[in-house]
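Observations on the model geometry
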Amino acid sequence: MADTFHSTPSSSSFPPLPGDRMWVSTPHGERVPFRAIHLSDTPLGLGGMKNPTLFLNDTVGDPKPDGTLPVRERPQPGSPTLLECARAGTVTPEMSYVATRENLNLEGFKESLLATNNHALIAKLMPYLEGIALWTPERVRDLVAKRHAVIPLNVRHPEALPMIIGRRFSTKVNANIGTSKGSNTEDEIKKLAVALRFGADTVMDLSTGEAIQATRERLLRHSPVPVGTVPLYEVLEAVGGDPMALSWDAFKRVMEAQCEEGVDYMTLHAGLLRADIEKTRHRMTGIVSRGGGLMARWMQGHNQENFLFTHFDEILRIARHYDVTLSLGDGLRPGSLFDANDAAQLSELKTLGHLNRLAGDAGVQCMIEGPGHVPLETIARNQALETEWCDGAPFYTLGPLVCDTGAGYDHVTAAIGGTVMASEGTAMLCYVTPKEHLGLPNVDDVREGLVVFRLAAHAADVAKGIPGALLRDHLMSSARFEFRWLDQYALSFDPERARRFHDETLGGAGGNHAHFCSMCGPQYCPMRLAHTLFSSEAGEEKALPSNG
């Protein structure tokens, strides 16, 4: 394939992404961006057939020359929420947008495939394509109305493009970024660019310290994907860093200000009740959630119930006004396998189910956050309990990490659990980086964690039969068998690394045309030898070229 690219907001250390930017119009007339990967022809020595164009989701946005993002028309604060519109039978532009986005332009792919006249590939792929039921705006509306999916989109964040989170849709991945001691706003803007480049569907700004508001404002204005926060972090800074000085009034002021700025979804630890704290006494690792720990300290010190729980009706009023999605946080998530699935975790999950129903009654979109560290064999049970107790609300999980011994590689331990969890029905995975439990991630850690979690989400989508997911794998396999190296890079989740790894041992002008890799070499390459197995049946003897 030709090395054609569209520009992306990325750090100077990364080359542009492969593919051409193209758009597909929605029934409401909006344009949804995709990356069109034009696959190259099969080498002449292997048949010289044409190959189709695959379309991938594009999360980098469409920044103007000055770096700002275009804006969508959004309703005014106080307008009916997307949930209320869905219940009223109204299909909004956002519902049309996410239907088009989830369909991955499969109709365009089918046309491209048939136009190749590549009969062997058509025979392999058409049965799969004919079994796919494409998303319609009405099907999206129905699942939003049933509260089995959410479209997090604050009316004050017009730069954000609609996306949907729900078990029936492609598995989404969130990237946590944000300032902490030793980082600054510029560092986080670089992390945002890398997160978008490698496919983050949402980002959460978990900033602490003095630059919270400035960082959030920069991220919101530069993010074409939904932005989430944990408002309690800013509240703590506002009261001087003393957990005992937290209050509902301080929280309300911060929440309203963040909603006005455009935050799309908020993690609230409203389900952690005073009675649950005692249940953590004999845990191995206690309370590992920052927000959960702060609320527990406040409740114990004041001998009062969680003010987020007692004022939940006011929280719903604020969220509804801006159409902010609530992400009900698991403040008692287990931080170790020893603590997994204990009474504290499950008691909080039941309370979250109650709060989720209150949110639905108020017309507020809601998702549920989940563990944490849990053994692999208990993942299905965790998902089943959330589905039952929370009425099928989208589940958003950290990992889960399936062992506690992955220091330096916890992105892998978490991705293992994430794949299983998403295949069981979890709608969004929060990535984990190699620095988990060890330190603040840098730009390279963001890249590493996100790519690994994109793979975890993709594997789950293949397992769930998400429309279009398996096509990318089939086309990668075809490219491998035909030694189309540039196509293999373009179809990977980290094209630059794939190219670099190949070129380290088979570089030079002919490296990307070799019909073998450096692991086996030309004599031992089984795929190269496989091309000769059935050639005699056609009355021909296929040559074994070393180059295309």
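Located above this text is the structure these notes cover.
The sections below set out a description of the structure shown in this document. (Residues numbered from 1 in each chain as written. Predicted model: local features only at pLDDT ≥ 70, side-chain atom pairs only at ≥ 80, totals over all residues. Heavy atoms only, no water.)

Right, let's talk about the sheet that holds strand β2 (residues 31-38) for a bit. Taken in spatial order, the three strands of this open sheet run β1-β2-β3, and their pairing is antiparallel. Edge strands, defined here as strands with exactly one partner in the open sheet, are β1 (20-25) and β3 (53-57). For this sheet, the mean angle separating the axes of adjacent strands, direction not counted, is 45°. Note: β2 against β3, five bridges, orientation antiparallel. (Pairing = 2+ DSSP bridges. Helix = DSSP H or I, 4+ residues; strand = E, 2+ residues; numbered from the N terminus. Axes fitted to C-alpha atoms, helices over the stretch in contact; angles between N-to-C directions.)

The next point concerns the nonpolar core. Ranked by internal contacts, the top residues of the largest apolar core, which has 101 residues, are L232, F251, M255, F307, I315, L326 and I368. Top element by residues in this core is helix α17 (residues 443-464). It accounts for eight residues. Residues within four places of F307 in sequence aside, it is in contact with L232, L246, S247, W248, F251, M295 and W298. Counting 26 residues, the second-largest nonpolar core is a separate cluster that includes L54, I122, L125 and M476. (Core = buried A, V, L, I, M, F, W, Y, C linked by side-chain atoms within 4.5 Å. Buried < 20%, exposed > 50% of the residue type's maximum accessible area, 1.4 Å probe, protein only. Contact = heavy atoms within 4.5 Å.)

Summed over all chains, the structure comprises 34 salt bridges. Across the pair D330 and R333 runs a salt bridge whose closest N-O atoms are separated by 3.9 Å. The residues D330 and R333 share a single accessibility class, namely buried. The partner of D391 in a salt bridge is R357, and the shortest N-O contact between them spans 3.0 Å. (Salt bridge = Lys/Arg side-chain N within 4 Å of Asp/Glu carboxyl O.)

Closest axis-to-axis distance for the helix α8 (residues 231-238)/helix α11 (residues 290-302) pair is 9 Å, and the angle between their directions is 50°. Compared by their axis directions, α8 and α11 come out oblique. In this structure, the crossing between α8 and α11 has a hand that is left-handed. Here α8 contributes L232, Y233 and L236 to the contact with α11, which in turn contributes R290, G291, L294 and M295. Counted by class, the contact of α8 with α11 contains five nonpolar, one polar and one charged residues. (Parallel < 35°, antiparallel > 145°, perpendicular 65-115°, else oblique. Left-handed = near helix turned anticlockwise from the far one by under 90°. Nonpolar A, V, L, I, M, F, W, Y, C, P; charged D, E, K, R; others polar.)

With that out of the way, let us pick up the side chain of N154. Within the fold, N154 resides in the loop between β4 (149-150) and β5 (165-166). Exposure remark for N154: the relative accessible area of 0% places this residue in the buried category. There is a polar contact of 2.8 Å between the side chain of N154 and the backbone nitrogen of R156. The contact partners of N154, leaving out residues within four places of it in the chain, are R74, Q258, C259, G262, V263, D264, Y322, D323 and V324. (Polar contact = N/O pair within 3.5 Å; in protein donor to acceptor, adjacent residues only side chain to side chain.)

To find the voids left in a structure, one rolls a probe of water-molecule size over its atoms. Counted by the stated rule, this structure contains six cavities of 30 Å³ or more. In this structure, the largest cavity encloses a volume near 590 Å³. Contributing to the lining of the largest cavity are 34 residues, with L56, N57, R454, R472 and F493 lying nearest its centre. Looking at the lining of the largest cavity, the elements that each hand over two or more residues are β3, α2 (93-103), α3 (106-116), α6 (185-197), α17 and α18 (469-481). The biggest single contributor to the lining of the largest cavity is β3, with four residues. (1 Å grid on protein atoms, 1.4 Å probe; cavity = no way out; pocket = protein on both sides within 12 Å on 5 of 7 lines; lining within 4 Å. Points joined across faces, edges and corners; volume = space filled by probe spheres on them.)

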